[in-house]
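Below, each chain spelled out in residue letters.
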Amino acid sequence: MTDEFRTSFQLAWHVVVRNWGVYRKDFLANISPTLADPALMLTALGMGLSPFIGQIGGLSYAQYLAPGMVATTALFTAFFESSYGFYVKMTFESVFKAMLTTPIGVREVVMGEFLWGFIRAALMGGTVGVFLLLMGLLSNPWAVFLFPLISGLLAVPCGAIGLLASAMVRNINQFQTVYSFLIAPIFYLSGVFFPLGDRPVLGVIVQLSPFYHGVRLLQLSAWGQWQPGEIAWHLGLLLLFTAGLGYWAYRKVVKILTT
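Below is a summary of the structure that appears in this document. (Residues numbered from 1 in each chain as written. Predicted model: local features only at pLDDT ≥ 70, side-chain atom pairs only at ≥ 80, totals over all residues. Heavy atoms only, no water.)

The full count for this structure, using the stated rule, is nine salt bridges. Among the ionic pairs, Asp3 bridges to Arg6, the shortest N-O distance being 2.7 Å. Taken together, the residues span about one helical turn, with Asp3 and Arg6 both in helix 1 (residues 3–23) at a distance of three residues. According to the relative accessible area criterion, Arg6 is partly exposed, its value standing at 33%. Ionic pairing is found between Glu108 and Arg107, a salt bridge with its closest N-O pair at 3.5 Å. A relative accessible area of 7% places Glu108 in the buried class. One salt-bridge network, in which partners are shared between bridges, spans Glu81, Lys89, Glu113 and Arg120. (Salt bridge = Lys/Arg side-chain N within 4 Å of Asp/Glu carboxyl O. Helix = DSSP H or I, 4+ residues; strand = E, 2+ residues; numbered from the N terminus. Buried < 20%, exposed > 50% of the residue type's maximum accessible area, 1.4 Å probe, protein only.)

See the structure below:
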């Protein structure tokens, strides 16, 4: 680790600490929707529809939905924090303008936001995983130890999408369009609610979604399906999306924070 990178990481960590300081002031209010929404969705759809749907690949519908709820937590945690949250800090609170008067630069701001998104998603995903374990919905109980890592990895490209939106929208109301035409489709059509094996066209399209690859990694771990080739495929593409979207988001944020 070079001295330059070490210094940059330390400065980025200050961004994380600042975000945590604000977040913890309304801790219960902040975590409630993140945890309540997957629990309610799992209860309403999983428990409610399981008797009517029957089994999917030897799993009850509730068991099938379970890993998708962890992915959902990571997606919404990362996207809303880096879209609405970032935009408010940038436009209305001038937080980043103040940061840039210190040794913290745009690179450290973006790195700090990604680190904060990773940590938040890991904690939330791990908490949902414990809930699923207690409900007896994990075929592989040991998956609960992998959920935080996968959730954190999934949060970074999803957070990059939020940062891109923050850099491109002209007012805060336009985030609704981003959600309706981008986030909602990848959420509903990425295998969370139904398998994609018999839908070849959709199965090809979702390969372009980092969310889908996170969903599959969570499903494979939750169901104990250790298929090295498929794991390598989804992990590799998730990391590729992370690098590509992360760099694109960084370039956009540099432009908007320095002009």
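From this point, the discussion proceeds with the structure in view.
A separate point is the nonpolar core. Counting residues in hydrophobic clusters, the biggest one holds 67 residues, and the most contacted among them are Leu75, Phe96, Leu132, Phe147 and Phe211. For this core, the secondary-structure elements that each account for two or more residues are helix 1, helix 3 (61–92), helix 4 (95–99), helix 5 (106–134), helix 6 (147–168), helix 7 (175–188), helix 9 (210–222) and helix 10 (228–257). Among the elements that line this core, the one with the most residues is helix 3, at 16 residues. Residues contacting Leu132, with those up to four places away along its chain left out, are Leu42, Ala66, Val70, Leu137, Leu138 and Phe147. With five residues, the next largest nonpolar core counts Val16, Tyr23, Ile31 and Met124 among its residues. (Core = buried A, V, L, I, M, F, W, Y, C linked by side-chain atoms within 4.5 Å. Contact = heavy atoms within 4.5 Å.)

With that settled, consider the packing of helix 5 against helix 6. A pair of packed helices is captured by two measures, namely the crossing angle of their axes and the spacing between those axes. Helix 6 packs onto helix 5 with a crossing angle of 135° between their chain directions and a minimal axis gap of 7 Å. As judged from the angle between their axes, helix 5 and helix 6 are oblique. Judged by the sense of rotation from one axis to the other, the crossing of helix 5 with helix 6 is right-handed. Contacts from Val110, Phe114, Gly117, Phe118, Ala121, Ala122, Gly125, Gly126, Gly129 and Leu132 in helix 5 reach Phe147, Pro148, Leu149, Ser151, Gly152, Leu153, Ala155, Val156, Gly159, Ala160 and Leu163 in helix 6. For the contact of helix 5 with helix 6, the per-class residue count stands at 14 nonpolar, seven polar and no charged. (Axes fitted to C-alpha atoms, helices over the stretch in contact; angles between N-to-C directions. Parallel < 35°, antiparallel > 145°, perpendicular 65-115°, else oblique. Left-handed = near helix turned anticlockwise from the far one by under 90°. Nonpolar A, V, L, I, M, F, W, Y, C, P; charged D, E, K, R; others polar.)

This paragraph deals with the packing of aromatic side chains. Within the structure shown, the criterion is met by 22 aromatic pairs. Plain terms: the ring middles of Phe76 and Tyr179 are 6.3 Å apart, the flat faces sit at 40° to each other, and that makes the pair tilted. In this pair, Phe76 sits in helix 3 while Tyr179 sits in helix 7, placing the two residues 103 residues apart along the sequence. Taken together, the ring pairs in this structure connect Phe76, Phe79, Phe80, Tyr84, Tyr87, Phe92, Phe175, Tyr179, Phe187, Tyr188 and Phe193 into an aromatic cluster. (Phe/Tyr/Trp six-rings, centres within 6.5 Å; stacked < 30°, edge-to-face > 60°.)

This part covers the side chain of Ser209. Among the secondary structure elements, Ser209 is positioned in the loop between helix 8 (200–205) and helix 9. Residue contacts for Ser209: discarding those within four places in its chain leaves Ile186, Ser190 and Phe241.

This part covers helix 1. Here helix 1 spans 30 Å end to end across 21 residues, near enough to the 30 Å set by a 1.5 Å rise per residue. Residues Ser8, Leu11, Ala12, Val15, Val16, Asn19, Gly21 and Tyr23 constitute the buried set of helix 1. Buried residues along helix 1 sit in contact with helix 2 (27–53), helix 3, helix 4 and helix 5. (Expected span 1.5 Å × (residues − 1).)

Summarising the element assignment, Phe175 is placed in helix 7. Distance in space between the C-alpha atoms of Phe175 and Leu164 is 11 Å, their sequence separation being 11 residues. Sequence-distant contacts of Phe175, defined by excluding residues within four places in its chain, comprise Ser83, Tyr84, Tyr87, Ala165, Ser166 and Val169.

This part is about the environment of Lys89. Within the secondary structure layout, Lys89 lies in helix 3. Among the residues examined, Lys89 registers a relative accessible area of 6% and is labelled buried. Those residues in contact with Lys89, other than ones at most four positions away along the chain, are Arg18, Asn19, Glu81, Ser94, Val95, Phe96 and Glu113. Here the side chain of Lys89 touches Glu113 through a polar contact of 3.1 Å, side chain to side chain. (Polar contact = N/O pair within 3.5 Å; in protein donor to acceptor, adjacent residues only side chain to side chain.)

Our focus in this paragraph is the environment of Ile150. Position of Ile150 among the secondary structure elements: in helix 6. Accessibility expressed as a relative area gives 11% for Ile150, which makes it buried. Residues Ile150 and Leu28 lie 122 residues apart in sequence; the distance between their C-alpha atoms is 24 Å. Residues in contact with Ile150, not counting those within four places in the same chain, are Gly214, Leu217, Leu218 and Ser221.

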